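# Secondary and tertiary structure notes
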Amino acid sequence: MNATPNITSPAAEISIAFDARAELEAWVAAGYPHETCGLLIGRRRGERTEVERVEQARNRNTERARDRYDLDPDDQLAADLRAREDGLEIVGIWHSHPDHPARPSETDRSKAWEGWSYVIVAVTADGVADLRSWRLSASSDPSRFVEEPIR
Ligand SMILES: [Zn+2]
(Lines give C-alpha, C1' and ligand atoms only; values in the text may rest on other atoms or scores of the structure.)
Protein backbone atom coordinates (compact mmCIF):
# COMPACT_ATOMS: atom_id res chain seq x y z
CA MET A 1 0.00 0.00 0.00
CA ASN A 2 0.99 3.59 -0.55
CA ALA A 3 0.92 6.42 1.94
CA THR A 4 -2.21 6.89 3.99
CA PRO A 5 -4.58 9.19 2.11
CA ASN A 6 -6.15 12.42 3.29
CA ILE A 7 -5.19 12.63 6.92
CA THR A 8 -6.72 15.95 7.86
CA SER A 9 -4.99 16.29 11.19
CA PRO A 10 -1.39 15.14 11.33
CA ALA A 11 -1.88 14.32 15.01
CA ALA A 12 -4.83 11.97 14.48
CA GLU A 13 -3.76 8.43 15.25
CA ILE A 14 -4.80 5.38 17.19
CA SER A 15 -2.96 2.87 19.31
CA ILE A 16 -4.32 -0.56 20.15
CA ALA A 17 -2.95 -2.51 23.10
CA PHE A 18 -1.20 -5.69 21.99
CA ASP A 19 -3.48 -8.04 23.95
CA ALA A 20 -6.59 -6.23 22.78
CA ARG A 21 -5.59 -6.54 19.14
CA ALA A 22 -4.83 -10.24 19.55
CA GLU A 23 -8.20 -10.83 21.19
CA LEU A 24 -9.99 -8.86 18.50
CA GLU A 25 -8.32 -10.79 15.67
CA ALA A 26 -9.18 -14.10 17.34
CA TRP A 27 -12.86 -13.15 17.59
CA VAL A 28 -13.00 -12.00 13.99
CA ALA A 29 -11.40 -15.21 12.72
CA ALA A 30 -13.71 -17.35 14.86
CA GLY A 31 -16.76 -15.48 13.61
CA TYR A 32 -15.99 -15.97 9.93
CA PRO A 33 -17.89 -16.04 7.57
CA HIS A 34 -20.19 -13.77 9.57
CA GLU A 35 -19.60 -10.14 10.43
CA THR A 36 -18.62 -9.69 14.04
CA CYS A 37 -18.65 -6.40 15.88
CA GLY A 38 -18.01 -4.74 19.20
CA LEU A 39 -16.66 -1.76 21.08
CA LEU A 40 -13.26 -0.16 21.47
CA ILE A 41 -12.62 0.87 25.07
CA GLY A 42 -9.95 3.32 26.09
CA ARG A 43 -9.31 7.02 26.23
CA ARG A 44 -8.82 9.95 23.94
CA ARG A 45 -5.98 12.40 24.35
CA GLY A 46 -6.63 15.19 21.91
CA GLU A 47 -6.44 13.67 18.45
CA ARG A 48 -4.83 10.51 19.75
CA THR A 49 -7.04 7.54 20.61
CA GLU A 50 -5.72 4.81 22.89
CA VAL A 51 -7.57 1.50 22.84
CA GLU A 52 -6.90 -0.45 26.01
CA ARG A 53 -9.37 -3.26 25.57
CA VAL A 54 -12.05 -4.52 23.23
CA GLU A 55 -15.48 -5.94 23.85
CA GLN A 56 -17.53 -8.16 21.62
CA ALA A 57 -21.19 -7.34 21.01
CA ARG A 58 -23.99 -9.27 19.42
CA ASN A 59 -24.73 -8.54 15.78
CA ARG A 60 -28.48 -8.01 15.70
CA ASN A 61 -28.56 -8.19 11.93
CA THR A 62 -29.03 -11.92 11.55
CA GLU A 63 -30.55 -11.67 8.07
CA ARG A 64 -27.44 -10.18 6.51
CA ALA A 65 -24.80 -11.22 9.01
CA ARG A 66 -22.35 -11.74 6.17
CA ASP A 67 -22.19 -8.07 5.26
CA ARG A 68 -24.09 -6.00 7.81
CA TYR A 69 -23.86 -5.36 11.50
CA ASP A 70 -26.21 -3.74 13.96
CA LEU A 71 -24.54 -3.54 17.28
CA ASP A 72 -26.81 -4.70 20.09
CA PRO A 73 -27.71 -1.56 22.09
CA ASP A 74 -27.87 -3.49 25.37
CA ASP A 75 -24.34 -4.75 24.83
CA GLN A 76 -23.21 -1.21 24.04
CA LEU A 77 -24.79 0.14 27.22
CA ALA A 78 -23.21 -2.59 29.34
CA ALA A 79 -19.81 -1.93 27.78
CA ASP A 80 -20.21 1.77 28.44
CA LEU A 81 -20.95 1.16 32.13
CA ARG A 82 -17.98 -1.18 32.53
CA ALA A 83 -15.72 1.35 30.82
CA ARG A 84 -16.82 4.15 33.13
CA GLU A 85 -16.18 1.99 36.19
CA ASP A 86 -12.56 1.81 35.05
CA GLY A 87 -12.31 5.50 34.21
CA LEU A 88 -12.39 4.71 30.50
CA GLU A 89 -14.88 5.33 27.73
CA ILE A 90 -16.09 3.89 24.46
CA VAL A 91 -13.79 5.39 21.85
CA GLY A 92 -15.12 3.55 18.82
CA ILE A 93 -16.49 0.45 17.17
CA TRP A 94 -14.84 -2.47 15.47
CA HIS A 95 -16.37 -4.83 12.95
CA SER A 96 -15.23 -7.37 10.42
CA HIS A 97 -15.49 -7.51 6.65
CA PRO A 98 -15.62 -11.17 5.63
CA ASP A 99 -14.03 -11.57 2.18
CA HIS A 100 -13.92 -7.80 1.67
CA PRO A 101 -11.23 -5.15 2.10
CA ALA A 102 -10.83 -3.27 5.38
CA ARG A 103 -12.39 -0.15 3.91
CA PRO A 104 -15.64 1.44 5.11
CA SER A 105 -18.80 0.88 3.11
CA GLU A 106 -21.33 3.61 2.45
CA THR A 107 -23.45 2.09 5.21
CA ASP A 108 -20.50 2.28 7.60
CA ARG A 109 -19.96 5.92 6.79
CA SER A 110 -23.60 6.90 7.16
CA LYS A 111 -23.80 5.27 10.60
CA ALA A 112 -20.57 6.72 11.94
CA TRP A 113 -20.35 9.15 14.83
CA GLU A 114 -17.95 12.06 14.80
CA GLY A 115 -14.95 11.58 17.04
CA TRP A 116 -15.20 7.81 17.24
CA SER A 117 -12.73 5.45 15.62
CA TYR A 118 -13.96 2.69 13.35
CA VAL A 119 -11.67 -0.29 13.17
CA ILE A 120 -12.41 -2.61 10.25
CA VAL A 121 -10.88 -6.05 10.06
CA ALA A 122 -10.71 -7.88 6.74
CA VAL A 123 -11.00 -11.62 7.22
CA THR A 124 -11.01 -14.64 4.92
CA ALA A 125 -11.19 -18.37 5.46
CA ASP A 126 -7.43 -18.18 6.03
CA GLY A 127 -7.77 -15.71 8.89
CA VAL A 128 -7.30 -11.99 9.43
CA ALA A 129 -5.95 -10.29 6.30
CA ASP A 130 -5.90 -6.60 7.24
CA LEU A 131 -6.85 -4.23 10.05
CA ARG A 132 -7.40 -0.51 9.54
CA SER A 133 -8.93 2.36 11.44
CA TRP A 134 -11.11 5.17 10.12
CA ARG A 135 -12.87 8.20 11.47
CA LEU A 136 -14.99 10.98 10.13
CA SER A 137 -13.01 13.96 8.95
CA ALA A 138 -12.82 16.78 11.46
CA SER A 139 -12.35 19.35 8.72
CA SER A 140 -14.44 20.96 6.03
CA ASP A 141 -16.26 17.82 4.99
CA PRO A 142 -17.31 15.93 8.12
CA SER A 143 -19.14 13.32 6.07
CA ARG A 144 -15.88 11.94 4.75
CA PHE A 145 -14.06 8.99 6.28
CA VAL A 146 -10.30 9.32 6.65
CA GLU A 147 -7.91 6.60 7.62
CA GLU A 148 -6.03 7.11 10.86
CA PRO A 149 -2.63 5.51 11.29
CA ILE A 150 -2.30 2.73 13.86
CA ARG A 151 0.78 3.23 16.00
ZN1 LIG B 1 -18.48 -2.42 7.26
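In this report, we go over the structure that sits alongside the text. (Residues numbered from 1 in each chain as written. Predicted model: local features only at pLDDT ≥ 70, side-chain atom pairs only at ≥ 80, totals over all residues.)

One finds Leu40, Ile41, Val51, Ile93, Trp94 and Val121 to be the most contacted residues of the largest nonpolar core, which totals 26 residues. Secondary-structure elements contributing two or more residues to this core are strand 1 (13-16), helix 1 (18-31), strand 2 (37-45), strand 3 (48-57), helix 2 (73-85), strand 4 (89-98), strand 5 (117-124) and strand 6 (127-136). A per-element tally of this core places strand 5 first, with five residues. (Core = buried A, V, L, I, M, F, W, Y, C linked by C-beta atoms within 7 Å. Buried ≥ 20, exposed ≤ 12 C-beta atoms within 10 Å, placed from the backbone. Helix = DSSP H or I, 4+ residues; strand = E, 2+ residues; numbered from the N terminus.)

Strand pairs in the sheet, formed through backbone hydrogen bonds, run parallel or antiparallel to each other. Across the sheet, which stays open at both edges, the seven strands sit in the order 1-3-2-4-5-6-7 with mixed pairing between neighbours. The open sheet has two free edges, formed respectively by strand 1 and strand 7 (145-148), since each of these has just one partner strand. The mean inter-strand angle of the sheet, taken between neighbouring strand axes irrespective of direction, is 35°. Direction of pairing for strand 4 relative to strand 5: parallel, over a ladder of seven bridges. The residue of strand 5 that forms the bridge with proline 98 is valine 123. Of the strands in this sheet, strand 1, strand 3, strand 4, strand 5 and strand 6 are in contact with helix 1, which crosses strand 3 at around 40°. Sitting on the sheet, helix 2 is in contact with strand 2, strand 3 and strand 4, with an inclination near 135° to strand 4. (Pairing = 2+ DSSP bridges. Axes fitted to C-alpha atoms, helices over the stretch in contact; angles between N-to-C directions. Contact = placed C-beta atoms within 7 Å.)

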